[in-house]
Amino acid sequence: MFTGIVARTCSVVGFNDSSPTLDLRIRLGSLCDELVDGSSVSVNGVCLTVTECNNGEAKFDVVPATASLTNLSQCKLGSEVNIERSLKFGSEIGGHVLSGHVCETVLVSEASNTLQGSTIVFKASDEWKRFLFSKGFIALNGVSLTLAEFDRETGVGRVNLIPETMERTNLGRTKAGDTLNLEIDSQTQSIVETTESFLRENPSWLRTILENQVTAA
């Protein structure tokens, strides 16, 4: 589990996609301290398992399903990725609870940077936009953010970044045409899916409620 509070960006020092499983090596530096094989690390918001950790570098094996669903397949030598170590019980929790299970990549249509901060505009697919709403929680590339605006009809959303987020994460270098990993809030997804399922199985329930409201009025 993670919180969406990125420790810092780290450089990709090894990238081999010649086999079915993508071999990704990242120089973590001090973030490797007390990291052991089998540990979970969030890389651009994707929960990955450490398969090797030596001299400040960690190796991750990215299976085809994960590579195709996320922007990790677009990495190259020198790419800067957002890194967060897994949540420790008893630690302060900023952001919100994340699983590192990316829903999809979203295309950035607009990105503006100023001294005061940055704005990123993106478009979510029909499959996931029903879980998104203004002032709701999301994560982009593993960064916990609040949706400043979201249009349910078009699936277009906007987030605002403060200078600290721009400096600490790779979102500060985002530009139009980039793809970002999107994770929606799991609690929101559960509530929406449970409500939709109930209404499908009990179609008369809502009609009865509405009729009672009309009668009472």
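Here the structure is a predicted model, which means the values were calculated and not measured.

Conventions and cut-offs
Residues numbered from 1 in each chain as written. Predicted model: local features only at pLDDT ≥ 70, side-chain atom pairs only at ≥ 80, totals over all residues. Heavy atoms only, no water. Helix = DSSP H or I, 4+ residues; strand = E, 2+ residues; numbered from the N terminus. Buried < 20%, exposed > 50% of the residue type's maximum accessible area, 1.4 Å probe, protein only. Areas by Shrake-Rupley, 256 points an atom, 1.4 Å probe, with all protein chains shown as cover. Lys, Arg positive; Asp, Glu negative; His and termini not counted. Charge placed at Lys NZ, Arg CZ, Asp CG, Glu CD. 1 Å grid on protein atoms, 1.4 Å probe; cavity = no way out; pocket = protein on both sides within 12 Å on 5 of 7 lines; lining within 4 Å. Points joined across faces, edges and corners; volume = space filled by probe spheres on them. Nonpolar A, V, L, I, M, F, W, Y, C, P; charged D, E, K, R; others polar. Pairing = 2+ DSSP bridges. Axes fitted to C-alpha atoms, helices over the stretch in contact; angles between N-to-C directions. Phe/Tyr/Trp six-rings, centres within 6.5 Å; stacked < 30°, edge-to-face > 60°.

## Remarks on the overall build of the protein
Alright, step 1. Of regular secondary structure, the protein possesses 5 helices and 12 strands.
Alright, step 2. A principal-axis box enclosing the C-alpha atoms of the protein has dimensions of 75 × 40 × 40 Å.
Alright, step 3. Counting every position in the protein, which comprises 217 residues, the buried fraction comes to 42%.
Alright, step 4. Just so you have it, the protein exposes about 11700 Å², and 52% of that area is on carbon and sulfur atoms.
Alright, step 5. A gap of 2 Å separates the mean positions of the 18 positive and 27 negative side-chain charges of the protein.

## Some words on empty space enclosed by the protein
Alright, step 1. A full pass over the atoms with the stated rule returns 1 cavity of 30 Å³ or more.
Alright, step 2. The space that makes up the largest cavity amounts to roughly 30 Å³.
Alright, step 3. Together, F131, L132, F133, G136, F137, D185 and T188 line the largest cavity.
Alright, step 4. Among the residues forming the lining of the largest cavity, the class breakdown is 4 nonpolar, 2 polar and 1 charged.

## Structural notes on the sheet that holds strand β12 (residues 179–184)
Alright, step 1. Spatially, 6 strands are ordered β7-β8-β11-β10-β9-β12 in a closed barrel, and the strand pairing comes out antiparallel. Each adjacent strand pair in this sheet contributes to an overall mean axis angle of 45°, direction not counted.
Alright, step 2. Sheet analysis places strand β8 (residues 118–123) next to strand β11 (residues 156–161), joined by 6 bridges and oriented antiparallel. Pairing of V121 across the sheet is with R158, part of β11.

## Brief notes about the packing of aromatic side chains
Alright, step 1. Tallied over the full model, the rule gives 1 aromatic pair.
Alright, step 2. Pairing W128 with F131 gives two aromatic rings, centres 5.9 Å apart and planes at 45°, and the pair type is tilted.
Alright, step 3. Residue F131 is classed as buried on the basis of its relative accessible area, which comes to 4%.

## Re the pairing of strand β4 (residues 46–54)
For a regular strand, the rule is simple: side chains alternate between the two faces of the sheet.
Alright, step 1. Looking at chain direction, strand β3 (residues 40–43) and β4 are connected through 4 bridges and run antiparallel. Paired with S40 across the two strands is T49, which belongs to β4.
Alright, step 2. With antiparallel pairing between neighbouring strands as the criterion, β3 and β4 make up a hairpin whose turn holds 2 residues, including N44 at a positive phi of roughly 55°.
Alright, step 3. Pairing geometry for β4 and strand β5 (residues 57–62), over 4 bridges, is antiparallel. Within β5, the residue paired with N54 across the bridge is E57.
Alright, step 4. Hairpin connection from β4 to β5: 2 residues lie between these consecutive antiparallel strands, with N55 at a positive phi of about 50°.

## Thoughts on the pairing of strand β9 (residues 137–140)
Alright, step 1. Bridge count for β9 against strand β10 (residues 143–151) is 4 bridges, and the pairing is antiparallel. Bridging across to β10, L140 finds its partner in V143.
Alright, step 2. Turn length for the β9-β10 hairpin, with the two strands adjacent in sequence and antiparallel, is 2 residues, and the turn residue N141 shows positive phi of about 50°.
Alright, step 3. Relative to β12, β9 runs antiparallel, the two sharing 3 bridges. For A139, the partnering residue across the bridge sits in β12 and is E183.

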